[in-house]
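Residue-level structural notes
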Amino acid sequence: DKWQQIPMKCTVVWFKGCAALGRLPTFRIPSGSREMAAVESREWYMAAYAPEGVPSSDHLKLRTIKLPLDSDSIPDQHVVVEVLWISVDPFIRSKMTGNDGGLDFPQFGLGEVRRLQLHLKVITELAIGRVVRSKDGKFSEGDLVLNAFSPVAEFYVVPAAVLRKIDPTAGVELPNYLSALGMPGFTAWLGIEVIGEAKPGSNVYISAAAGGVGMFAGQLAKLKGCRVVGSAGSDEKEEFGYDEAFNYRKETDFDAALSKYCPNGIDIYFENVGGKMLEAVLNHVNKYARIPLCGMISDYNTPWTEREGVRNLLNMVGKEVMMKGFLVASYLNGYFKQGKINSKHKVYDGIECFQECFASLFTSSNIGKVVIQ
């Protein structure tokens, strides 16, 4: 493993011999090949739904398709994009079950052959790409773009209207558009600032505190002047500035741990885990506590009929607690550009490792945001 510190306090963990982050990958389409008729592209798709357990190679499969590049094959107002960076997020687990597991997300389609522009039959994620062919006046070859629903693939064709340009002169390293300035950063901001209403002196507890969202939630709470406690599945959490933190794999009595690290109770609980952790938190909430429900990763691989119930919800009545689920609907930028927020990425190299790094999201082995280059 190779660690590298890069501008804007973005730490990257490299796997499988990745190149330096600041250098963009070179085109896979050979230079001077404007006449090239097609390119082979590998893409991930759902072969079968996984109603329980971590999706495996029985459910997620990689295939190679031939993508036409000649002008006649590309519709007007469309572009061909080469994918450079792919976000890997646990929430897409709920789109792989074949049923509604509590989140109102459409399921990925199973592996029918897809049409050129339609990606309902492939797995999609937030991704950064580079335009390599364009039949839209707003985009030129070489433009960097962001797509919230990019196929997990090497190349794809897409209507230009769904893309957002990235300014290469903004001084932001590309993976940060998938983390601090992407959905994880947005989610943390919404939970801490809008729902949590964090104020100086608030006692904040964050589960999954070293993950892709938790690391930003903790830093935002610190910037608001809160006392922040986090829990994670490892001992690596000091770099995110928590006042106290514990490894839930070692301190398995959550009630005792919260008594130890949150002696003044909890005013805001940023919920990422659910189950036994949520139950323990409800024994330590203060009057008028606020609980932004970001996710419940302990339940993602379990059918809802087998999930652990929370037995002490009545505590919310006596303490007049507000608990609110939310989906990302706003944005974060200023703190990051001022260098006040640290971003960390765990980078895997190559489209072929998607199934492996997606499974790693459910092991508590990751520190920071998981992405694929």
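Residues numbered from 1 in each chain as written. Predicted model: local features only at pLDDT ≥ 70, side-chain atom pairs only at ≥ 80, totals over all residues. Heavy atoms only, no water.

**Notes on the packing of aromatic side chains**
- Inspection of every chain in the model, using the stated rule, returns five aromatic pairs.
- Pairing Trp-44 with Phe-354 gives two aromatic rings, centres 5.7 Å apart and planes at 50 degrees, and the pair type is tilted. On the criterion of sequence distance, the pair formed by Trp-44 in strand S3 (residues 38-46) and Phe-354 in helix H7 (residues 354-360) is long-range, its members being 310 residues apart. As far as the burial class goes, Trp-44 and Phe-354 line up, both buried.
- Ring geometry for Phe-270 against Phe-326: centres 6.5 Å apart, planes inclined by 70 degrees, an arrangement best described as edge-to-face. (Phe/Tyr/Trp six-rings, centres within 6.5 Å; stacked < 30°, edge-to-face > 60°. Helix = DSSP H or I, 4+ residues; strand = E, 2+ residues; numbered from the N terminus. Buried < 20%, exposed > 50% of the residue type's maximum accessible area, 1.4 Å probe, protein only.)

**Examining the sheet that holds strand S10 (residues 203-206)**
- Spatially, S12-S11-S10-S13-S14-S15 is the arrangement adopted by the six strands of the open sheet, whose pairing is parallel. Edge positions in the sheet fall to strand S12 (244-247) and strand S15 (322-325), since each has one partner strand and no second. Strand-to-strand twist of the sheet, defined as the mean angle between neighbouring strand axes without regard to direction, takes the value 15 degrees.
- Contacts between helix H1 (residues 183-195) and the sheet are confined to S10, strand S13 (266-270), strand S14 (285-293) and S15, with S13 contributing the most and set at about 155 degrees to the helix. (Pairing = 2+ DSSP bridges. Axes fitted to C-alpha atoms, helices over the stretch in contact; angles between N-to-C directions. Contact = heavy atoms within 4.5 Å.)

**Brief notes about helix H3 (residues 254-261)**
- When we look at burial in H3, the residues that qualify are Phe-254, Ala-257, Leu-258 and Tyr-261. Viewed end-on, H3 has its buried residues packed into an arc of 95 degrees, placing them on one side of the element.
- Buried residues along H3 sit against S10, strand S11 (227-232), S12, S13 and helix H4 (275-281). (Arc of directions from axis to C-beta.)

**Focus: the confidence of the model for the chain**
- Here the chain averages 82 in pLDDT, and 80% of its residues register 70 or above.
- Scored below 50 in pLDDT, residues 1-27 makes 78 contacts in the model with residues more than four places away or belonging to other chains.
- When the criterion is pLDDT under 50, residues 329-333 qualifies, and its contacts beyond four places in sequence or with other chains add up to twelve contacts. (pLDDT = per-residue confidence, 0-100.)

**Topic: the nonpolar core**
- By size, the foremost hydrophobic cluster in this structure holds 31 residues, and its most contacted members are Ile-123, Phe-354 and Phe-358.
- Listed by contribution, the elements that provide at least two residues to this core are S3, strand S5 (78-87), strand S6 (124-134), strand S8 (155-159), H7 and strand S17 (369-372).
- For this core, the element with the most residues is S5, which contributes four residues.
- Core analysis: the next-biggest nonpolar cluster, separate from the first, contains 24 residues, Ala-180, Ala-210, Leu-220 and Val-228 among them. (Core = buried A, V, L, I, M, F, W, Y, C linked by side-chain atoms within 4.5 Å.)

**Here we look at the pattern of salt bridges**
- The tally for this structure, following the rule as stated, stands at 13 salt bridges.
- A salt bridge links Arg-63 to Glu-43; the nearest nitrogen and oxygen atoms lie 2.8 Å apart. Here the residue Arg-63 occupies a position in strand S4 (residues 60-68), and Glu-43 occupies one in strand S3, the gap between them amounting to 20 residues.
- Glu-43 gets classed as buried once you look at its relative accessible area, which sits at 1%.
- Linking Arg-290 and Glu-197 is a salt bridge whose minimum nitrogen-to-oxygen distance equals 3.4 Å. Taken together, the positions of Arg-290 in strand S14 and Glu-197 in the loop between H1 and S10 put the pair 93 residues apart, joining distant regions of the chain.
- Under the relative-accessibility criterion, Arg-290 is labelled partly exposed at 22%.
- For Glu-197, a relative accessible area of 36% gives the class partly exposed.
- Here the residues in one salt-bridge network are Arg-42, Glu-154 and Glu-352, joined through shared partners. (Salt bridge = Lys/Arg side-chain N within 4 Å of Asp/Glu carboxyl O.)

**So, the pairing of S5**
- Of all ten residues making up S5, ten are buried, and the element is well covered by its neighbours.
- Bridge count between S5 and S6: seven bridges; the pairing is antiparallel. Bridged to Val-83 within S6 is Gly-129.
- For S5 and S17, the ladder comprises two bridges, and the chain directions are antiparallel. Across the sheet, residue Ile-86 finds its bridge partner in S17, namely Ile-372.

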